[in-house]
Amino acid sequence: MKNRLEKPIYVTRPSMPDYEEYIEQIRPLWDSHVLTNMAEYHGRLERELSRYLQVDRLSLVTNGHMALELALQALGLSGEVITTPFTFISTTHAIVRNNLTPVFCDIDGRDFTMDVTKLEALIGKKTCAIVPVHVYGRVCQVEKIEEIARKHGLKVIYDAAHAFGVTYKGKPAVSYGDMSTLSFHATKVFNTVEGGAVVYHDDEVGSELYSLKNFGIRSEECTDGVGANAKMDELRAIMGLCNLRNVEADIVKRKALFETYMECLEGIAGLSLPFVQKDVKANYAYFPVLFDEGVLGIGRDAVYEELKKRNIYARKYFYPLANAAQCYRNVYSSSATPVAERVAVSVLTLPMYADLERREVVLICENIREIIGRGGKI
Ligand SMILES: *Cc1c(COP(=O)(O)O)cnc(C)c1O
């Protein structure tokens, strides 16, 4: 174990603005004492994000999970929602917490987004919506999904938590469907510490979202919705304004690291590198690899444990699948989504963040090669 690292490397590390810059930006709050309730910086961040993401309408919320919950609630849905199990548990929870029933569609074996060839067979009388996930920032089969949704009169809400800044054929990924939800959690490509947003296209939906994120309060004496408290406060909006200035440079750094990983890990039978989609401008949010135990003679879990011993903390995103979570285990079965099940047991996402150094990526790859017995130095 000659390569054990001195300092631990975690799967991610949040981007932060310059300390002085942030302090300078929050100073006005000490004069105004206006800290929250859709105030000045909340509005500014909504406008700057709309510009950056090239969308017309966007509503900020307190986190990506509430973005999903409120997006579903704003559409007033009831019945079944088709989604995928290869995602963060939040996607499924948001459906269930809206008293909707998730129906799990399997994923495509190459990009791990919803397998649209299996979608129509799951549509029934009770189906009201589709919630596909742009997992790892890979764009779903948006054209096919739109065609199927239109044919059956279904709403489409994309979980775009991973797809910040991603474009498909030059169009923002978040512009597809009826709505898209984003997460600005500390671990994501763009962060506001905690935060999120809903991208929508219809002003009535926007007014619904505005009210629902503030307890369903429509006006001073009128509460006409059973809303939540999902408002983004001014301190986090300012964090977002500062981080937004660096996000483009961060994505450039991520791209270089992604390419370094690709070079250092290429040509190993049994180790699958990330699928690169055509027509997509990526954000390089994650670096997922698959370990085929049958070929390598060593499985994902063993590699994960060995890396940990060497101070490298990769993560098993997304294992277990949502339909195998303890809270859903008696209701759903992951055997109904065999491709997702196979990916979930072999995937490992390797450390990826803007400030990761090229040298560190090379070290991580050397360790992986050593662990799986496929050559030491690169
Ligand atoms: C992070 C994430 C969420 C939830 O976002 P939070 O901001 O953490 O609430 C939802 N879906 C996916 C796919 C995510 O990765």
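So, a few notes on the structure that sits alongside this text.

Rules used throughout
- Within each chain, residue numbers correspond to sequence positions counted from 1 in written order.
- Reporting in this predicted model follows two pLDDT cut-offs: at least 70 for local features of residues, and 80 or more for side-chain atom pairs to be given and counted; totals over whole chains, interfaces and linings ignore these cut-offs and use all residues.
- Derived side-chain values reflect all non-hydrogen atoms in the structure, with water molecules and hydrogen atoms excluded from consideration.
- A run of H or I in DSSP becomes a helix once it reaches four residues, and a run of E becomes a strand once it reaches two; helices and strands are each numbered from the N terminus.
- Here the globule rule reads 2.2 Å times residues to the power 0.38, and the radius of gyration is calculated from C-alpha atoms.
- Burial here depends on accessible area, computed with a 1.4 Å probe over protein chains only, as a share of the maximum for the residue type. Under 20% is buried, over 50% is exposed, and the range in between is partly exposed.
- Note on contacts: a residue pair is in contact if any heavy atoms of the two residues lie within 4.5 Å.
- The nearness test applies per residue and asks whether one of its heavy atoms lies within 4 Å of the molecule or strand.
- Think of a polar contact as two N or O atoms within 3.5 Å of one another; within protein, one of them needs to be a possible hydrogen donor and the other a possible acceptor, and neighboring residues in sequence only count if both atoms come from side chains.
- The accessible surface values rely on the Shrake-Rupley method and a 1.4 Å probe; as for residues, cover is taken only from the protein chains in view.
- Under the scheme applied here, ten amino acids are nonpolar (Ala, Val, Leu, Ile, Met, Phe, Trp, Tyr, Cys and Pro), four are charged (Asp, Glu, Lys and Arg), and all others, including Gly, are polar.
- We treat two strands as partners when DSSP finds at least two bridges between them.
- Only C-alpha atoms enter the line fits that serve as axes; for helices the fit covers just the stretch in contact. Angles between N-to-C directions range over 0 to 180 degrees.

What the chain contains, in helices and strands, is 13 helices and 17 strands. At 21 Å, the chain has a C-alpha radius of gyration in line with the 21 Å of a compact globule built from 378 residues. In terms of overall dimensions, the chain has C-alpha extents of about 70 × 55 × 40 Å along its principal axes. When each of the 378 residues of the chain is scored for burial, the buried share is 57%. In the chain, the proportion of contacts linking residues at least 24 apart, taken out of those at least 6 apart, comes to 70%.

Contacts to the ligand come from 14 residues, most closely from Gly64, Asp159, His162, Ser183 and Lys188. At 2.7 Å, a side-chain N or O of His162 approaches an oxygen atom of the ligand. Relative to its unbound accessible surface of 380 Å², the ligand loses 91% to contact with the protein. For the shell around the ligand, the secondary-structure elements that each account for two or more residues are α4 (64-74) and α5 (90-96). When the residues that make up the shell around the ligand are grouped by side-chain class, the tally is 2 nonpolar, 10 polar and 2 charged.

Secondary-structure assignment places Ser90 in helix α5. A relative accessible area of 10% means that Ser90 is categorised as buried. With residues near it in sequence (within four places) discarded, Ser90 still touches His65 and Leu68.

Moving on to the sheet that holds strand β3 (residues 80-83). An order of β2-β10-β9-β6-β5-β3-β4 is seen for the 7 strands of this open sheet, with the pairing classed as mixed. In the strand order of this sheet, the two ends are held by β2 (58-61) and β4 (101-104), each with one partner. Neighbour-to-neighbour, the strand axes of this sheet turn through a mean angle of 25 degrees, independent of strand direction. Relative to strand β9 (residues 179-183), strand β6 (residues 155-159) runs parallel, the two sharing 3 bridges. Each bridged residue has a counterpart across the sheet, and for Tyr158 the counterpart in β9 is Ser180. With respect to the sheet, helix α3 (residues 40-53) is in contact with β2 and β9, its orientation differing from that of β2 by roughly 130 degrees.

Inspection of helix α7 (residues 203-212) places Val205, Gly206, Leu209, Ser211 and Leu212 among the buried residues, and these make up the whole buried set. Elements in contact with the buried residues of α7: β2, α4, β9, β10 (196-200) and β11 (217-219). Taking the backbone nitrogen of Glu204 as reference, a side-chain oxygen 2.8 Å away marks Asp202 as the first, capping residue of α7.

So far we have only geometry, and geometry alone does not tell us how the molecule works.
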